[in-house]
Each structure stands twice: as structure tokens, then as C-alpha cells.
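For reference, the chains in residue letters:
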Amino acid sequence: PNFDLYEYLGEDNWCVFFCHPGDYTPVCTTELGEAAHRASAFKQRRVKMCGFSCNDAESHRGWIQDIKAATGATVDFPLLCD
């Protein structure tokens, strides 16, 4: 689906953009899991998160489940693909 960054951010919000080399990489999995655990702290500061890699949307969906299994965190921010 199409994604509009400005629509997602809305008014007066900041964005942290995570660029990772590939889904299912061990360090990226734990880093995004930790970011998801801290999502409420980001939200309090008006910061929204987005992830990006060259993997496709289907890979991202599977990886989100892997992140949850590995870290217990639910990634509820967009993971974009090129």
C-alpha cells in the first residue's frame, strides 16, 4: 500500500527513521525490538518511528513476528520497503 509520511506524522511531530540492511539480522531484530519497547517514551516526546530496508512488505510482516518472538515487543510503527 501507499504510504504518506506527512500524513503519518501529522502536525508538530518528529520522526526517527531506522534504516537497516536486511530483515532477520540479529542486531537489527533486537534494536527494533528495543525501540518498540520504548515506543511510549517516544510518543510522549511527539516522535513517531519508521523503519526502512530493501526487503519487501511480506518479509517485513514475517520479521515483525520474529521480533516479537525474540524480544517480546510488538512493532506497531511502519516498516517501509523500496
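Reading guide: rules and limits
Residues numbered from 1 in each chain as written. Predicted model: local features only at pLDDT ≥ 70, side-chain atom pairs only at ≥ 80, totals over all residues. Heavy atoms only, no water. Helix = DSSP H or I, 4+ residues; strand = E, 2+ residues; numbered from the N terminus. Rg over C-alpha atoms; globule rule 2.2 N^0.38 Å. Salt bridge = Lys/Arg side-chain N within 4 Å of Asp/Glu carboxyl O. 1 Å grid on protein atoms, 1.4 Å probe; cavity = no way out; pocket = protein on both sides within 12 Å on 5 of 7 lines; lining within 4 Å. Points joined across faces, edges and corners; volume = space filled by probe spheres on them. Nonpolar A, V, L, I, M, F, W, Y, C, P; charged D, E, K, R; others polar. Buried < 20%, exposed > 50% of the residue type's maximum accessible area, 1.4 Å probe, protein only. Contact = heavy atoms within 4.5 Å. Polar contact = N/O pair within 3.5 Å; in protein donor to acceptor, adjacent residues only side chain to side chain.

## Observations concerning the overall build of the protein
- Of the regular secondary structure elements, the protein holds four helices and three strands.
- Reading the secondary structure of the protein in the N-to-C direction produces α-β-α-α-β-α-β.
- Radius of gyration (C-alpha) of the protein: 12 Å, near the 12 Å computed for a compact globule of 82 residues.
- In terms of principal-axis extent, the alpha carbons of the protein reach across some 35 × 25 × 15 Å.

## Comments concerning the pattern of salt bridges
- Tallied over the full model, the rule gives two salt bridges.
- For the salt bridge of Glu 34 with Arg 38, the shortest nitrogen-to-oxygen distance reads 2.6 Å.
- One salt bridge connects Arg 61 with Glu 58, and the closest N-O pair in it is separated by 3.1 Å. Residue Arg 61 and its partner Glu 58 are located together in helix 4 (residues 57-71), separated by three residues, close to a single helical turn.

## What to know about the layout of surface pockets
- As a volume, the second largest pocket reaches approximately 190 Å³.
- Tyr 8, Asn 13, Ala 39, Phe 42, Lys 43, Arg 46, Val 47, Lys 48, Met 49, Asp 76 and Phe 77 together form the lining of the second largest pocket.
- Contributing elements (two or more residues each) for the lining of the second largest pocket: helix 3 (39-44) and strand 2 (47-53).
- Considering only residue class, the lining of the second largest pocket consists of six nonpolar, one polar and four charged.

## Looking at the environment of Arg 46
- Here Arg 46 shows up in the loop between helix 3 and strand 2.
- Its relative accessible area of 43% is what places Arg 46 among the partly exposed residues.
- With 33 residues separating them along the chain, Arg 46 and Asn 13 place their C-alpha atoms 4.9 Å apart.
- Other than its neighbours up to four places away in sequence, Arg 46 contacts Asp 12, Asn 13 and Trp 14.
- Among the polar contacts made by the side chain of Arg 46, one reaches the main-chain carbonyl oxygen of Asp 12 at a distance of 2.5 Å.

## A few points about unusual backbone geometry
- Residues other than glycine seldom take positive phi values, yet Tyr 24 does so here, at roughly 70 degrees.
- Within the element layout of this structure, Tyr 24 appears in the loop between strand 1 (14-19) and helix 2 (26-37).
- Here the phi dihedral of Arg 46 falls at roughly 60 degrees; this positive angle occurs in a residue that is not glycine.

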